[in-house]
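Given next are the chains, with one letter for each unit.
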Amino acid sequence: MLIPSIPDLPKLLEVCIDHMNDAVVITEAEPFSQPGPRIVWVNKIFYERNGYSPEEVIGNTPRMLQGPGTDRATLDRVREAMTQWRPIRAELLNYRKDGTSYWNEFEIVPVANEQGWFTHWVSVQRDTTERKQMEERVHQLAFYDPLTHLPNRRLMNDRLSQALAASKRSGRHGALIFLDLDNFKLVNDTHGHDVGDALLCQVAAQLKKCVRETDTVSRFGGDEFVILLSDLFADQATSLKRASVIAEKIRSALTQAYALTISQNGQAEHLIEHQCSASLGVVMFCGQQASVSDLLKWADTAMYQAKNAGRNAIRFYQAKGQV
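The rules behind the values
Residues numbered from 1 in each chain as written. Predicted model: local features only at pLDDT ≥ 70, side-chain atom pairs only at ≥ 80, totals over all residues. Heavy atoms only, no water. Phe/Tyr/Trp six-rings, centres within 6.5 Å; stacked < 30°, edge-to-face > 60°. Buried < 20%, exposed > 50% of the residue type's maximum accessible area, 1.4 Å probe, protein only. Helix = DSSP H or I, 4+ residues; strand = E, 2+ residues; numbered from the N terminus. Lys NZ or Arg CZ within 6 Å of the ring centre and 35° of its normal. Polar contact = N/O pair within 3.5 Å; in protein donor to acceptor, adjacent residues only side chain to side chain. Pairing = 2+ DSSP bridges. Axes fitted to C-alpha atoms, helices over the stretch in contact; angles between N-to-C directions. Contact = heavy atoms within 4.5 Å. Right-handed = clockwise from strand over helix to strand, strands pointing away. Core = buried A, V, L, I, M, F, W, Y, C linked by side-chain atoms within 4.5 Å. Expected span 1.5 Å × (residues − 1). Parallel < 35°, antiparallel > 145°, perpendicular 65-115°, else oblique. Nonpolar A, V, L, I, M, F, W, Y, C, P; charged D, E, K, R; others polar.

Enquirer: So what about the packing of aromatic side chains? Which residues, and what values?
Expert: Under the definition given, this model contains five aromatic pairs. Seen in terms of ring centroids, Phe46 and Tyr47 are 6.3 Å apart; in terms of plane orientation they differ by 85°. Their pairing is edge-to-face. Each member of the pair, Phe46 together with Tyr47, is buried. With centroids separated by 4.9 Å and ring planes inclined at 5°, the aromatic side chains of Trp85 and Phe118 adopt a geometry described as stacked. Pair noted here: Trp85 is in the loop between helix H4 (72–83) and strand S3 (88–95) and Phe118 is in strand S5 (residues 118–127), with a separation of 33 residues, a long-range link. For Phe118, a relative accessible area of 35% puts it in the partly exposed group. Through a chain of ring-to-ring contacts, three or more aromatic side chains come together here, namely Trp85, Phe118 and Trp121. Across the ring face of Trp103, the terminal group of Lys132 is positioned such that the distance to the ring centre comes to 4.2 Å.

As structure tokens, this is what we get:
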């Protein structure tokens, strides 16, 4: 059976490619130096996705899609593959003409002529923004508290495990602070859980102000928070002093009066001031053979000692189990 020939096959292929959901970009093979291979053809979805006109695209280079959030390391990896005439698959944050960003997953392959000389690059590009946003939502649900947006117990355990390993390598001390709000149950019982949640969010914001960006503030659940101070000092006394200063800074910061809105039937009624305080337990670590659960248990023990001492206090857990 004879297969019928297709008249004007190049035109037919162009129409097919023009109606793809993925963007297709064809560039010259070289140069690799600035400004890079020029674009010689793109399909319609490329114009629609990026907001450029043909006059702005043809003769330009794919660098026109780069912006402040485009990962330099990924660009270097792509360039290295191209200089070796290898296909490459990658994902980058790209930018439209109006400045809005989107995630772009693409594969670039070299095209050679009959003599074996590479003449062009063909790139097929797919908008993966929705998938990336979904991955971020899944990550947030898995590792962050939905109320305060602080790291949750799972993420804190992971970071504490990393901090212990780093401390063992570097010989630098760290500290773990276990914090429980005093009389928090009374807030929920008197004013309702919405007011209690608002207080927890304000406390979370205060805690983040008291520590470095490299430290971790987490919500363990209820009115319990755990703060990880990693990579303090090699000297034990200096590290203990720094941990004491930060713990006192936290205790003092939380004693402020918090403005909380009391509402009924979804309507705000009035503001109240709630005086808050917290009990803190602190344990120091420096590469010792202690587990994550041990450190949390010891910090929790010290916190209860602070509560038994009258609340609004700080207690340190000592190596012999005395606080």
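Enquirer: Explain the side chain of Thr148 to me, using residue names and the numbers behind them.
Expert: One can find Thr148 in the loop between helix H5 (129–143) and helix H6 (153–170). Within polar-contact distance, the side chain of Thr148 engages the side chain of Asp145 at 2.6 Å.

Enquirer: Outline the sheet that holds strand S8 (residues 224–229), listing residues and values.
Expert: Strand order in this open sheet of five strands is S7-S8-S6-S11-S12, and the pairing throughout is mixed. On the outer flanks of this sheet lie strand S7 (216–221) and strand S12 (314–317), each paired with one strand and no other. Within this sheet the neighbouring strands show an average axis-to-axis angle of 20°, counted without direction. As defined by bridge partners, S7 adjoins S8 across five bridges and the pair is classed as antiparallel. Looking at S8, one finds that Ser218 is bridged to Val226. Taken strand by strand, H6 contacts strand S6 (174–181), S7, S8 and strand S11 (278–285), and its axis lies near 135° from that of S7. The sheet contacts of helix H9 (residues 236–253) involve S6, S8, S11 and S12, and relative to S11 the element is tilted by about 165°.

Enquirer: Before we move on, can you summarise the pairing of S12 with the specific residues and values?
Expert: Both S11 and S12 contribute to a ladder of four bridges, which runs parallel. Residue pairing for S12: Gly281 is matched across the bridge by Arg315. Considered for its hand, the β-α-β crossover made up of S11, helix H10 (residues 292–308) and S12 is left-handed.

Enquirer: If you had to explain the nonpolar core to someone new, which residues and values would you point to?
Expert: Counting 37 residues, the largest nonpolar core has Leu179, Leu181, Leu207, Ile227, Ile250 and Leu254 as its most contacted members. At the level of secondary structure, the elements contributing two or more residues to this core comprise S6, helix H7 (184–191), helix H8 (193–210), S8, H9, strand S9 (257–264), S11 and S12. Considering every element that reaches this core, the biggest residue donor is H8, with seven residues. The contact partners of Leu179, leaving out residues within four places of it in the chain, are Leu207, Asp223, Glu224, Phe225, Ile227, Ile250, Leu254, Ala278, Ser279 and Leu280. Counting residues in each nonpolar core, the second largest holds 19 residues, with Leu160, Val226, Val283 and Tyr317 among its members.

Enquirer: Could you give an account of the sheet that holds S5, naming the residues involved and the relevant values?
Expert: With antiparallel pairing, five strands are arranged side by side in an open sheet as S2-S1-S5-S4-S3. Single-partner strands in this sheet number two, and they are strand S2 (39–42) and S3. Direction aside, the axes of adjacent strands within the sheet are offset by 30° on average. In the sheet, strand S4 (residues 101–112) pairs with S5 via nine bridges, with the strands oriented antiparallel. The residue of S5 that forms the bridge with Pro110 is Trp121. Its contacts with the sheet place H5 against S3, S4 and S5, and it is angled at close to 130° to S4.

Enquirer: Hey, could you go over H8 for me, with residue numbers and the actual values?
Expert: For H8, spanning 18 residues, the distance from its first C-alpha to its last is 26 Å, which sits close to the expected 26 Å at 1.5 Å a residue. Along H8, the residues classified as buried are Val195, Gly196, Leu199, Leu200, Val203, Ala204, Gln206, Leu207 and Cys210.

Enquirer: Let's hear about the packing of H7 against H8: which residues, and what values?
Expert: At a minimum axis distance of 7 Å, the contact between H7 and H8 shows a crossing angle of 140°. Classed by the angle they form, the pair H7 and H8 counts as oblique. Contact residues: H7 offers Phe184, Val187, Asn188 and His191, while H8 offers His193, Val195, Gly196, Leu199 and Leu200. Here the residues of the contact of H7 with H8 sort into five nonpolar, four polar and no charged.

Enquirer: With reference to specific residues and values, describe the environment of Arg89.
Expert: Residue position: Arg89 is located in strand S3. The sequence separation of Arg89 and Val124 amounts to 35 residues, and the corresponding C-alpha distance is 9.6 Å. Discounting residues that sit within four places of it in the chain, Arg89 has contacts with Arg77, Phe106 and Glu107. A polar contact is formed between the side chain of Arg89 and the side chain of Glu107, at a distance of 3.0 Å.

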